Structures are given as structure tokens and as C-alpha cells.
Amino acid sequence: MKISILGAGTWGIALAKMLCISGHEVTVWSALAPEIEHLTATHTHPIFPDIQLPEELCYTADTETACKGRDVLLIAVPSPYIRSTARSAAPFLEKGQILVSVAKGIEEATLFSMTEVIEDELGPLVSEKDLKIAALSGPTHAEEVIRSIPTTIISACSDIDTAQFIQEIFMNTCMRVYTNTDIKGVELCGALKNIIALASGVLSGLNYGDNIKAALITRGLAEIKRLGVELGCCEQTFYGLAGMGDLIVTCLSVHSRNYKAGILIGKGYSPQESAKEVGMVVEGINAIKPAMRLSEKTGVELPIISAVNSVVYEGASPAEMVDRLMQRSMRSEI
Ligand SMILES: NC(=O)c1ccc[n+]([C@@H]2O[C@H](COP(=O)([O-])OP(=O)(O)OC[C@H]3O[C@@H](n4cnc5c(N)ncnc54)[C@H](O)[C@@H]3O)[C@@H](O)[C@H]2O)c1
């Protein structure tokens, strides 16, 4: 297959390397020309300087070159750049191409998932060119995938044939791919688990124990599921890899930038300082306001997400965040 990866961050590069090793013809595109120059000159990524990327991997800063003649376009930029990336690609899209989002977020202005943002931005082009739009999500840290460490992921699309087509492309000895037609549920899990991971980091930063972290993961899942079911998603999605799986890895892994940002907040850094220290987009912080608006819109209570909101946007201290969650008045039924 001919595949382009739009976005040269850690996740885009890890997937590019994996697909290249699987024998696909892969090109990486970035809106930032210096990134392409660095990759072309060194065949390494600045975050993984010790990993040599395959010689066959191609790089371009030209959007037409990236889109032309490709079977699949993988959109691998952080959520704030999804719309602008879809807009850049739009004039060069060709009939029957499959667009796959791997970003995890909710657009603040519209409350759209990432594939909904792409669909909205492309408008009538989607049916005119018979484009298919899918999402890949799950417990998948780039730091492990780039080292070919076994990983699982969900290929999500309302059209099962497209989900299975993507499954075939990504399945190899290091990656096992499952399918799910509940794309909204899969994407909601990917966006909201990052907020729970911030809370998990805060608990670590406060030197709290494992009991409360187990409670956080369990109750975090209950909260995400409650909202998802109200939004029409399938309950089973939340107990699968995109839900429980991704929540576990994000809340516990040293590779999670949301968890790292939370640790710093727990240690007394401001949310702004912690995001700066982490140095990359912290999707959990971006997702808080849209999640709060979804809670308002649906009337579904999100106690953990509200508590994280109180620390990030309302000046509450990390210890106050936990006290708030332990209050007797908080919801305590299943
Ligand atoms: N890193 C992971 O392990 C991982 C795993 C699964 C999903 N994701 C999701 O994938 C998405 C990308 O994550 P990442 O870790 O690769 O992020 P990253 O911070 O490493 O990516 C930054 C990249 O985004 C692109 N970019 C920056 N500014 C841009 C702009 N103005 N316009 C267009 N592109 C721009 C550049 O190519 C840059 O390298 C996120 O939504 C993340 O949640 C990441």
C-alpha cells in the first residue's frame, strides 16, 4: 500500500517506521519544513535520537506530493491542528482514499471528535470523492511501538469493511489490531482518558498510594462510560482496549505526557508550567473544557473531570482536588 503520514511527531514517526518495516511505501509529511529537513538529513527523530529510521522512508513538506496517489492518509497531528491539516490536504484528495485519524481530542468550538472535524472540514468532498474516514486508538505509546514492542490497537469506522481494511494494513507481529464500528465511542475514550491521567499524575505527585489510583481508574471509566452511553455510544466499547486499556496505560505509564503533567501539578507546578515542562501538547488539558461542556449539554455528572477542571482552571490545590472527590456528598452509586 502507498501510505502518507501527515504529522511528524512521535506517534506519526513510530507508525511510519512500523508500516515501512511491514513493506508499505510510506511518506511522512509535516507542515513544519525544518522537521522534514532534519528527518531527511539524519533519518532520526529528535525525540528518538538513538533509533535509526528505515532508509526507504520518504519525507516531504509538499502537501500535494504527500496526498497524490496514496491509498491511505494517516492524520497524526495533535488535536488543535487536525482541522488545519484536513484543510491543507483537501485540494489534493483523490477518489476512494481512506483518511485515518490517530489524534485524541475533542474540538472545543464544536465538541466534534477528530474524525467529525475532518468530515466537517471536507464537507461535500467526502461523498464527491467517496472518501472513507476512520480512527485508530488504543493503549499505544510511541516509545514502545518505535521499538517494535508488542501493542494492540482498535481500527474504528462505522463502515466495517473500511475498519477491516485498516486492520489488515496495520496488523503485524508487533501490532495486533481489533475492529469496532462504534467510532464515536472509541474516539470519546481516547480524548477523555487523558483527563483522568492528569488526575492520576496529581495523585502520584502528592505521593498518594495505589488504593486511590485503582479507584480513580475504575471510577474514571464509569464516568467516561456514563457520558458515552448518553451520547449514543456502545457500552461495550468502554470496557475494551480503547476504553479500559487506554485508561490503564495512560494512568500508569511513565511514557504518558498527561500523567507526567499531572505529577508536576501534584508537586506544585502551575498547569501552564507543567505543560511547558512536558514540552509537547498535553491533550488532557485541551480536553477539559470540551468535556465540561459535554457534561453541561447532556446533564451527565463528571465528578473526576470536574475536579481536574477545578485544579487546572479554577485555582484549587491538588490536595483540594482529592478532598473534593472523597466528599460524602459525591455520587456514590454504580
Ligand atoms: N505519542 C503517542 O504515543 C501517541 C499515541 C497514540 C495517540 N497519540 C495522539 O496522536 C496525536 C499526535 O501525538 P504526537 O505524540 O505525535 O504529538 P507530537 O507533539 O509529537 O506531534 C507534534 C507534531 O505535530 C505537527 N505540528 C506541530 N505544529 C503544527 C501545525 N501548526 N500544523 C500542523 N502540524 C503541526 C508537527 O509535525 C509536530 O512534529 C495526539 O493527538 C496524541 O494524543 C499519540
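This structure is a prediction, so every number in the text was calculated from the model and none was measured.

So, the overall build of the chain
Secondary structure summary: the chain contains 17 helices and eight strands in total. Viewed in the frame of its principal axes, the chain has a C-alpha envelope of about 60 × 40 × 35 Å. Of the charged side chains in the chain, 28 are positive and 39 negative; the average position of the first set lies 3 Å away from that of the second.

Quick word on the site of the ligand
Taken together, 24 residues form the shell around the ligand, and within it Thr-10, Glu-35, Ala-142, Arg-257 and Glu-283 come nearest. Ser-30 is positioned with one of its side-chain polar atoms (N or O) 3.4 Å from an oxygen atom of the ligand. The protein chains hide 86% of the 820 Å² of surface that the ligand would expose on its own. Classifying every residue of the shell around the ligand by side-chain character gives twelve nonpolar, eight polar and four charged. The residues that make up the shell around the ligand include at least three from each of domain 1 (2-181) and domain 2 (185-326).

Notes on the pairing of strand 8 (residues 175-180)
Each regular strand shows side chains that alternate between the opposite faces of the sheet. Pairing analysis gives six bridges linking strand 7 (residues 151-156) to strand 8, with the strands arranged parallel. Its bridge partner being in strand 8, Ile-154 is matched across the sheet by Tyr-178. In this fold, strand 7 hands off to helix 8 (residues 160-170), which returns the chain to strand 8; that crossover is right-handed.

Side note on unusual backbone geometry
One non-glycine residue, His-43, lies in the positive phi region at around 55°. Accessibility expressed as a relative area gives 16% for His-43, which makes it buried. One non-glycine residue, Ser-148, lies in the positive phi region at around 55°. Relative to the elements of secondary structure, Ser-148 occurs in the loop between helix 7 (142-145) and strand 7. Exposure remark for Ser-148: the relative accessible area of 39% places this residue in the partly exposed category.

Points about the sheet that holds strand 7
One open sheet holds the eight strands; their spatial order is 3-2-1-4-5-6-7-8, and the pairing between them is mixed. Both outer strands of the open sheet, strand 3 (58-60) and strand 8, are each paired with one neighbouring strand and no more. Geometrically, the sheet is characterised by an average inter-axis angle of 25° between neighbouring strands, direction not taken into account. Taken together, the four bridges between strand 4 (residues 72-75) and strand 5 (residues 98-101) define a ladder with parallel strand orientation. When the sheet's bridge partners are listed, Leu-74 is paired in strand 5 with Val-100. Helix 8 rests against strand 1 (2-6), strand 4, strand 5, strand 6 (132-137), strand 7 and strand 8 of the sheet, and its axis sits at about 175° to strand 8.

Regarding the side chain of Lys-213
Looking at the secondary structure, you find Lys-213 in helix 10 (residues 210-230). The buried charged residue Lys-213 lacks any salt bridge, with Asp-210 as its nearest oppositely charged partner at 5.6 Å. Not counting the four nearest positions on each side in its chain, Lys-213 is found in contact with Ser-200, Leu-203, Ser-204, Cys-251, Leu-252 and Tyr-259.

Things to note about the domain arrangement of the chain
Each assigned domain of the chain is listed here: domain 1 (2-181) and domain 2 (185-326). Tallying the contact residues gives 26 residues for domain 1 and 27 residues for domain 2. Together, the buried faces of domain 1 and domain 2 total about 2200 Å²; carbon and sulfur atoms form 64% of this surface. Our enumeration of links across domain 1 and domain 2 arrives at one salt bridge. Residue Asp-246 pairs with Lys-104 through a salt bridge whose shortest N-O separation is 2.8 Å. Connecting domain 1 to domain 2 are eight residue pairs in polar contact (both at pLDDT 80 or more). Put simply, the parts of the chain that give the side of domain 1 that touches domain 2 at least two residues each are helix 5 (114-122), strand 6, helix 7, strand 7 and strand 8. Looking at which element gives the most residues to the side of domain 1 that touches domain 2, the answer is strand 7, with three residues. Across the side of domain 1 that touches domain 2, the residue classes break down as twelve nonpolar, ten polar and four charged.

Regarding helix 8
When helix 8 is considered as a whole, its buried residues turn out to be Thr-162, Ala-163, Ile-166, Gln-167, Ile-169 and Phe-170. Taken down its axis, helix 8 places every buried residue within 165° of arc, on the same side. What points out from helix 8, more than 90 degrees from its buried face, is the exposed set Asp-161 and Glu-168.

With respect to the state of the cysteines
Inspection of every chain in the model, using the stated rule, returns zero disulfides. You can see Cys-58 has no disulfide; the closest cysteine sulfur is in Cys-20, sitting 7.8 Å from it. Taking the relative accessible area as the measure of exposure, Cys-58 reaches 41% and is therefore partly exposed.

Here we look at a nonpolar patch on the surface
Taken together, the side chains of Tyr-239, Met-244, Ile-248 and Leu-252 present a nonpolar region at the surface, about 340 Å² in accessible area. Among the secondary structure elements, Met-244 is positioned in helix 12 (residues 241-252).

Parameters and conventions
Residues numbered from 1 in each chain as written. Predicted model: local features only at pLDDT ≥ 70, side-chain atom pairs only at ≥ 80, totals over all residues. Heavy atoms only, no water. Helix = DSSP H or I, 4+ residues; strand = E, 2+ residues; numbered from the N terminus. Lys, Arg positive; Asp, Glu negative; His and termini not counted. Charge placed at Lys NZ, Arg CZ, Asp CG, Glu CD. Near = heavy atom within 4 Å. Polar contact = N/O pair within 3.5 Å; in protein donor to acceptor, adjacent residues only side chain to side chain. Areas by Shrake-Rupley, 256 points an atom, 1.4 Å probe, with all protein chains shown as cover. Nonpolar A, V, L, I, M, F, W, Y, C, P; charged D, E, K, R; others polar. Domains from an automatic or database assignment. Pairing = 2+ DSSP bridges. Right-handed = clockwise from strand over helix to strand, strands pointing away. Buried < 20%, exposed > 50% of the residue type's maximum accessible area, 1.4 Å probe, protein only. Axes fitted to C-alpha atoms, helices over the stretch in contact; angles between N-to-C directions. Contact = heavy atoms within 4.5 Å. Salt bridge = Lys/Arg side-chain N within 4 Å of Asp/Glu carboxyl O. Buried area = accessible area lost by both parts, 1.4 Å probe. Arc of directions from axis to C-beta. Disulfide = S-S within 2.5 Å. Patch = residues over 30% accessible without salt bridge, like charges linked within 9 Å, V, L, I, M, F, W, Y side chains within 5 Å.

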